Amino acid sequence: MTERTTDPTAPRGHHRDTDPGVVVVVAGAVYDQGRLLAARRSAPAELAGRWELPGGKLEPGESPEEALVRELREELGVETEPGERIPGEWPLKPGYVLRVWTARLLSGVPRPLEDHDELRWLARHELDSVDWLDQDRPAVAEAALRLPAA
Ligand code: 523
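What you see is a predicted model; the values in this text were computed from it and never measured.

A.B. asks: Report on helix 2 (residues 137-145), specifying residues and quantitative values.
C.D. replies: Within helix 2 the residues assigned to the buried category are Ala139, Val140, Ala143 and Ala144. Buried residues of helix 2 fall within an arc of 140° about the axis and therefore sit on the same side. Tucked inside the fold, the buried residues of helix 2 contact strand 1 (23-32), strand 2 (35-41), strand 5 (79-91) and strand 6 (96-107).

Dropping the structure here:
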């Protein structure tokens, strides 16, 4: 099954393997040494202070994996390698859905360059210590099951 966005006229984030009106947001369950990366949003106001798996909207012509690598580079200054998709799709605000991939940290130390004001590496037993966005919680639970040993 192909996952590519192929319509260059589609607005940013639109994705043709779903309803063309739905914007796909990709997020990464980034792991390193047995820990998962959590990022605290700094905007918009209604989401600020809540924790998420970092990511963002697909751009036209990008595969979800390409979008994820780009977003993690822009937002955190790191290079990552996408792994498997975490099964499922979670509704965000109307017209937006969240899809999540695992990603392995290849190089760099994550820094909150854009959209976040704090980052934490969480071991499995620490995953409940931050206030995750509701829509990220099922993906975090699945990601926890896939956390490789340190
Ligand atoms: N979420 C969300 N969880 C989550 C992400 C990465 C995003 O609920 N793990 C929501 C938050 C926003 C929408 O998805 O309502 C778009 O995410 P955002 O703002 O991170 O996407 P960007 O970075 O593509 O957006 P711009 O800042 O507009 O470029």
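From this point, the narrative continues.
A.B. asks: Could you give me a rundown of the pattern of salt bridges, with the residues and numbers involved?
C.D. replies: Side chains bearing opposite charge may pair, as long as their charged atoms lie close to each other. Counted under the stated rule, the structure contains 17 salt bridges. Among the salt bridges present, the one from Arg73 reaches Glu79, with a minimum N-O distance of 2.8 Å. We classify Arg73 as partly exposed; its relative accessible area is 41%. According to the relative accessible area criterion, Glu79 is partly exposed, its value standing at 29%. The closest approach of N and O atoms between Glu81 and Arg104, which form a salt bridge, is 3.0 Å. With Glu81 in strand 5 and Arg104 in strand 6, this residue pair connects regions lying 23 residues apart in the sequence. Note on Arg104: relative accessible area 37%, which makes it partly exposed. Linked by salt bridges that have partners in common, Glu59, Glu62, Arg70, Glu71 and Glu74 make up one network.

A.B. asks: A description of the packing of aromatic side chains should follow, citing residues and the corresponding values.
C.D. replies: In the structure shown here, the tally under the stated rule is zero aromatic pairs. Over the ring of Tyr96 we find Lys93, and its NZ or CZ is 4.4 Å from the ring centre.

A.B. asks: An account of the site of the ligand is needed here, citing residue identities and associated values.
C.D. replies: Taken together, 19 residues form the shell around the ligand, and within it Arg41, Leu53, Lys57, Gln135 and Asp136 come nearest. Lys57 is positioned with one of its side-chain polar atoms (N or O) 2.8 Å from an oxygen atom of the ligand. Within the side chain of Glu71, an N or O atom sits 3.4 Å from an oxygen atom of the ligand. Those elements that provide at least two residues to the shell around the ligand are strand 1, strand 4 (55-57) and helix 1 (64-76). In terms of residue count, the dominant contributor to the shell around the ligand is strand 4 (three residues).

A.B. asks: Account for the confidence of the model for the chain, naming residues and giving values.
C.D. replies: Per-chain confidence: the chain averages 90 in pLDDT, with 88% of residues scoring 70 or above. Per-residue pLDDT stays below 50 along residues 1-8; that stretch engages in 21 contacts with residues further than four places along the chain or on separate chains. Across the assembled chains, the prediction reports ipTM 0.96 with pTM 0.89.

What counts, and where the lines are drawn
- Residues numbered from 1 in each chain as written.
- Predicted model: local features only at pLDDT ≥ 70, side-chain atom pairs only at ≥ 80, totals over all residues.
- Heavy atoms only, no water.
- Buried < 20%, exposed > 50% of the residue type's maximum accessible area, 1.4 Å probe, protein only.
- Helix = DSSP H or I, 4+ residues; strand = E, 2+ residues; numbered from the N terminus.
- Arc of directions from axis to C-beta.
- Contact = heavy atoms within 4.5 Å.
- Salt bridge = Lys/Arg side-chain N within 4 Å of Asp/Glu carboxyl O.
- Phe/Tyr/Trp six-rings, centres within 6.5 Å; stacked < 30°, edge-to-face > 60°.
- Lys NZ or Arg CZ within 6 Å of the ring centre and 35° of its normal.
- Near = heavy atom within 4 Å.
- Polar contact = N/O pair within 3.5 Å; in protein donor to acceptor, adjacent residues only side chain to side chain.
- pLDDT = per-residue confidence, 0-100.

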